Structures are given as C-alpha cells and as structure tokens.
Amino acid sequence: MDAGKKLWTRDGAPARNDRDARVVEEEMTEEQRMQRELRSVRPRHDDPELPDDISANDLDRIARNELKTLTKENAETVGRHLAMAARVIDEDPQLAHRHVMSAARRAGRIGVVRESLAITAYATGDFALALRELRTYRRISGSNDQLPLMVDSERGVGRPDRALELGRSVDRSTLSPSVQVGLAIAMSGARLDLGEADAALVELEIPHLNPNTAFSYSPELFAAYAEVLSELGREDEADVWLERASRADAALGASGADDETIEIEEMEDDDDDALASFAADAGDDDDDDDNHDEVVDDADDIVAEAVDTAETDDESEPDVASPKA
C-alpha cells in the first residue's frame, strides 16, 4: 500500500496514529466535515460489451461531426456506444443508458452525448436526471429541440404547473413543426395531470391536427387527441381519431418517408390494400463528412457530475411514475 495515502474510517475520523490526517480533521470547519460526510460515493461503472458489428459510422452525419472534436480513437469508442444505445433503447432502455453513460465518461462536453444521456434517463424513468441533462444540453447547444421532453420530464417529477410554465416560456413559432407537435402533446398531458381535460383538448387543437395529411408526428398527435376525447367521454369521436392515427401510421410506413406530406383518404375497412398507393420515395441523408482538425477532449467525468450533484438551479426531485402519454 502507498505509504503516502491517508487512511480514513467510515465515519470520516482520521485513522489511528495518522498525525497528518488528525491535523487536517482539526482544521476543517463543521460545515466542511458535514459536506464531506454527505458527499455521494461515485458509483462504479463497467462498460457494457460492444458487438463487433457496431460502428460510429452507424450514427447520423450530424452526430458524427460533433464527435470530431475528440481524438480519433475516442470518437470511435464514444460513437460506438451511442450507436449501440440507439439500437437497443426500445427493447432494453437500461442497457442503452449504460452505453450512454460510458460515452459520457469519455466525452461529457459533447452536446449529442448529453442529449443522449437525457433521452436514455427518461426512457428508464429517471426524470430528475433527464431534466438536469436536458438543461445542460440546452445550454451547450442553444437548441429548444428537446423542449417537449423537458416539459414531460417536469411532469415526471410531479410538477405539471412547472411543465406548463416551461412550455409557455418559448415562442412556438420559432420551433420546427415536429417540436411544436411534441410540445402540444406534452402540454396536453400536463393539463390532464391537473384534471383539466377541456384545456388538454385545446392544447392539441393546432394547425397540424389535420386528418387529411400526415407527417411523421401525425399518428402520435391523432392518438393523443383520441385519448383526451375518451377522457371527456366522447368515445365515438375518439374511435374516429384512433382510426385516423392507425391509417396515418400505415401510410407513413408504406412510404418510408419521415418528412414527406402524405395525403390521407377516409376508407372503409376493406380498403386496406389501397394503403400501398401512399408509398413514396424517401430521400437519403448525405453521409459525406467534412474534414476537421481533431482536438483532444479533456475527458471530464461528467456522468459523476450528473449523478452525484444537482446543478445549482435544480431542486430536490422525487421519483414518481412515468408521465402519461
């Protein structure tokens, strides 16, 4: 054992016959002693296994470009963990979260890493961590793209009033259509949390609630509208919107396009074969990379910061059940 290493007992008192340690203990204030005793122990983290077929090239171009500020070797490792998290998040969110934790320990100052950490934390039900990471991502990136998830995380920690306040703090006209829709759904959920079903319906009555066209966000919007209608006892209308959500989802699946506008026709139950007519060619993303100089990251252990200490603007946030869809 290193002779220079100080030994401390579990309660923080100096080890027997360690004079230097005793002097340090005597010089500490009561507040400093209390802070040391209450300090969280950094949890052990073992990197989950990465299969040979996973590569950083599995990430989209924007994410890969963000990783170019890392060394080549570190960027590849971080990218593989992020790509693996994206692969498994639907069936195993806990494993996805472990992969992103590994990425965050190596590249905690990268926006896409903090964003991914928030998303996987949300998927595992850790809404307090998700909210802290989303705030950090927002500061790093200056983006409001994850505002709906922030609002829903406020719901998750039991603060629907704060969720509504947060949602109203941003000019919605500055948001992309998909983010506007996601925000409307989250705001509607917060209204339901407060027992305000009529107001929840109004939150969803936005221009994007068009039964004649469908975008990638339309099935979720139609389904949310159906849920609120059902909450209001308007079951017949709810069934109509559920059917519209199903048809929009099928049409988008047939087209394979995320952003293309799809015309939706009201059809009888025996007209399912007609859904094939909605198929359209999907555009491929440009995967060409720009060349940039690599800068070595200082490799802050940012996960410990997220897990061990809350940011200064955070409050103590209880664990609660997942927010409603």
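Bear in mind the structure is a predicted one, so any value in this text is a computation, not a measurement.

Calculation rules
- Numbers given to residues run from 1 along each chain, matching the order in which its sequence is written.
- Only residues with pLDDT of at least 70 are given local features in this predicted model, and only at 80 or more are side-chain atom pairs given and counted; all residues enter the totals for whole chains, interfaces and linings.
- As a rule here, side-chain values cover all heavy atoms of the structure and leave hydrogens and water aside.
- Numbered from the N terminus, helices here are DSSP runs of H or I no shorter than four residues, and strands are runs of E no shorter than two.
- A helix's residues, less one, multiplied by 1.5 Å, set its expected span.
- Working definition: with a 1.4 Å probe on protein chains only, accessible area under 20% of the residue-type maximum means buried, over 50% means exposed, and in between means partly exposed.
- Throughout, a residue-residue contact means that at least one pair of heavy atoms, one from each residue, lies within 4.5 Å.
- Each Phe, Tyr or Trp ring, with Trp reduced to its six-membered ring, pairs with another whose centre is within 6.5 Å; inter-plane angles below 30 degrees give stacked pairs, above 60 give edge-to-face pairs, and intermediate values give tilted ones.
- Think of it as a cone above the ring: NZ of Lys or CZ of Arg counts as a charge over the ring if it is within 6 Å of the ring centre and within 35 degrees of the ring normal.
- Across the chain, each position has a pLDDT score giving the predictor's confidence in that residue, from 0 to 100.
- Here, a salt bridge means any side-chain nitrogen of Lys or Arg that lies within 4 Å of a carboxyl oxygen of Asp or Glu.

Thoughts on helix α10 (residues 177–193)
Right, on to step 1. End to end, α10 covers 24 Å across 17 residues, agreeing with the expected 24 Å (1.5 Å per residue, within 8%).
Right, on to step 2. Along α10, 13 of the 17 residues are buried, which leaves the element largely enclosed by surrounding structure.
Right, on to step 3. Positive backbone phi, at 75°, marks Gly195, one or two positions downstream of α10.

Quick notes on helix α4 (residues 72–88)
Right, on to step 1. An ideal rise of 1.5 Å per residue puts 24 Å on 17 residues; α4 measures up with 25 Å between its terminal C-alpha atoms.
Right, on to step 2. Where α4 is concerned, the buried positions are Asn74, Ala75, Val78, Gly79, Arg80, His81, Leu82, Ala83, Met84, Ala85 and Val88.
Right, on to step 3. Each element contacted by the buried residues of α4 is listed here: α5 (93–106) and α6 (111–123).

Remarks on the packing of aromatic side chains
Right, on to step 1. Considering all chains together, one arrives at 4 aromatic pairs under this definition.
Right, on to step 2. With a centroid separation of 5.3 Å and an interplanar angle of 65°, the aromatic rings of Phe222 and Trp241 are classed as edge-to-face. Residue Phe222 is found in helix α12 (residues 218–231), and its partner Trp241 is found in helix α13 (residues 235–255); the two are separated by 19 residues along the sequence. Assigned by exposure class, Phe222 and Trp241 land together as buried.
Right, on to step 3. Measuring from centroid to centroid gives 5.0 Å for Tyr225 and Trp241, while their planes differ by 75°, and the two rings are edge-to-face. Taken together, the residues span a long stretch of sequence, with Tyr225 in helix α12 and Trp241 in helix α13 at a distance of 16 residues. Note on accessibility: Tyr225 and Trp241 belong to one class, buried.
Right, on to step 4. Through a chain of ring-to-ring contacts, three or more aromatic side chains come together here, namely Phe222, Tyr225 and Trp241.
Right, on to step 5. A cation sits over an aromatic face here: Arg244 above Trp241, 4.6 Å from the ring centre.

Digging into the confidence of the model for the chain
Right, on to step 1. On average, the chain scores 77 in pLDDT, and the residues at 70 or more come to 64%.
Right, on to step 2. With pLDDT under 50 throughout, residues 1–25 is counted as low confidence; its partners more than four residues away or in other chains account for 20 contacts.

Focus on the pattern of salt bridges
Right, on to step 1. For the structure on display, the rule yields 13 salt bridges.
Right, on to step 2. A salt bridge links Arg114 to Glu133; the shortest N-O distance between them is 2.5 Å. With Arg114 in helix α6 and Glu133 in helix α7 (residues 127–141), the pair connects residues that are 19 residues apart, well separated along the chain.
Right, on to step 3. By relative accessible area, which is 2% here, Arg114 ends up buried.
Right, on to step 4. Under the relative-accessibility criterion, Glu133 is labelled buried at 1%.
Right, on to step 5. Where Glu154 meets Arg159, a salt bridge forms, and the shortest distance between an N and an O atom there is 2.9 Å.
Right, on to step 6. With relative accessibility at 3%, the residue Glu154 sits in the buried group.
Right, on to step 7. Note on Arg159: relative accessible area 13%, which makes it buried.

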